[in-house]
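Each chain is listed here by its residues.
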Amino acid sequence: DTAVSQTPKYLVTQMGNDKSIKCEQNLGHDTMYWYKQDSKKFLKIMFSYNNKELIINETVPNRFSPKSPDKAHLNLHINSLELGDSAVYFCASSQEGQDLYYGYTFGSGTRLTVV
Amino acid sequence: AQSVAQPEDQVNVAEGNPLTVKCTYSVSGNPYLFWYVQYPNRGLQFLLKYITGDNLVKGSYGFEAEFNKSQTSFHLKKPSALVSDSALYFCAVRRSSNTGKLIFGQGTTLQVKP
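Residues numbered from 1 in each chain as written. Chains lettered and ligands numbered in written order. Predicted model: local features only at pLDDT ≥ 70, side-chain atom pairs only at ≥ 80, totals over all residues. Heavy atoms only, no water.

(A) Highlighting the overall build of chain A. From N to C terminus, chain A includes one helix and eleven strands. Starting at the N terminus and ending at the C terminus, chain A contains elements arranged as β-β-β-β-β-β-β-β-β-α-β-β. Projecting the C-alpha coordinates of chain A onto the three principal axes gives extents of approximately 40 × 25 × 25 Å. Looking at chain A residue by residue over its 115 residues, the buried ones come to 45%. Contacts spanning at least 24 positions in sequence make up 55% of the contacts within chain A whose residues lie at least 6 apart. Accessible surface computed for chain A: about 5,700 Å², of which carbon and sulfur atoms make up 48%. (Helix = DSSP H or I, 4+ residues; strand = E, 2+ residues; numbered from the N terminus. Buried < 20%, exposed > 50% of the residue type's maximum accessible area, 1.4 Å probe, protein only. Contact = heavy atoms within 4.5 Å. Areas by Shrake-Rupley, 256 points an atom, 1.4 Å probe, with all protein chains shown as cover.)

Take a look at the structure:
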């Protein structure tokens with residue numbers, strides 16, 4: 001069983017479209033994250049949710065909206081896609097109080113290409 | 001603000017030789033430091049951490065890292081590199097008082113040649 005699974009793995013879409021990326025974790029963790037990895041491999045945190053509550057919201061355009069229906073899911077919806085949104089988006093999870101010892105568990109990423 | 005710097009985009013070593021991947025950090029207060037590895041088309045995997053205590057920490061796959069407070073460094077090391085160690089390595093830092101927010105360096109590609 002995949003611990004943190006993201007769908008889709010690849011997403012190619014046109015500028016201006018709206019798309020969603022889904023993330024699910026079966027580890028029982030209470031905290032989930034979205035990271036963006038750009039073409040230079042630089043990883044930047046976007047959002048974090050703890051028990052469905054937003055706790056980290058970095059400087060991200062309003063076109064990006066995370067949604068956490070329950071603590072096992074954290075979805076990312078992107079409106080009006082732009083070329084600069086092309087990147088690999090990683091979902092991750094951790095358990096508060098244990099992340100120092102076990103780290104984060106990352107999904108395998110969603111490669112978004114905007115054309 | 002917290003930040004992490006990995007000064008080398010790429011490190012090349014021959015199999016069997018020792019390797020070092022460098023990392024320096026900037027954070028107010030006590031740092032929590034981490035190394036992660038990313039294999040091609042995969043997510044990041046946790047390698048090791050420094051929270052407190054012994055400055056030399058050991059992690060997965062024979063890797064270790066040395067915390068140096070005066071130099072604000074946390075270099076990743078391995079005594080004998082394997083070709084299978086070739087991957088992208090990320091150093092990360094978190095402030096002890098800042099729950100959850102892990103800041104990553106820009107990554108260093110390690111290439112181990114046979």
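(B) Molecular detail of the pairing of strand β8 (residues 73-78) of chain A. Residue and element names in this part refer to chain A. Of the two faces of β8, only one is covered, namely that formed by L74, L76 and I78; the face formed by H73, N75 and H77 stays uncovered. Both strand β3 (residues 19-25) and β8 contribute to a ladder of four bridges, which runs antiparallel. Its bridge partner lying in β8, K19 is registered against I78. Sheet topology places strand β7 (residues 64-70) next to β8; five bridges connect them, and they run antiparallel. Bridged to K67 within β8 is N75. What sits between the antiparallel neighbours β7 and β8 is a turn of two residues. (Pairing = 2+ DSSP bridges.)

(C) The nonpolar core, seen in detail. All names here are of chain B. The biggest cluster of nonpolar side chains holds 29 residues, and the ones touching the most others in it are W35, L47, L48, F74, L76 and Y89. Counting only elements with at least two residues in this core, the list comes to β2 (10-14), β3 (19-21), β5 (31-38), β6 (44-50), β8 (64-68), β9 (73-78), β10 (87-95) and β12 (108-113). If you tally residues by element for this core, the top one is β10, at four residues. With residues up to four places along the chain from it excluded, the contact list for L48 reads L33, F34, W35, V57, K58, G59, F63, E64, A65, F74 and L76. (Core = buried A, V, L, I, M, F, W, Y, C linked by side-chain atoms within 4.5 Å.)

(D) Structural context of the sheet that holds strand β1 (residues 4-7) of chain A. All names here are of chain A. Ordered by their spatial adjacency, four strands build an open sheet running β1-β3-β8-β7, and the pairing between neighbours is antiparallel. Across the chains shown, the open sheet's two edge strands, defined by having one partner strand only, are β1 and β7. Averaged over all pairs of adjacent strands, the angle between strand axes in this sheet comes to 20 degrees, irrespective of strand direction. (Axes fitted to C-alpha atoms, helices over the stretch in contact; angles between N-to-C directions.)

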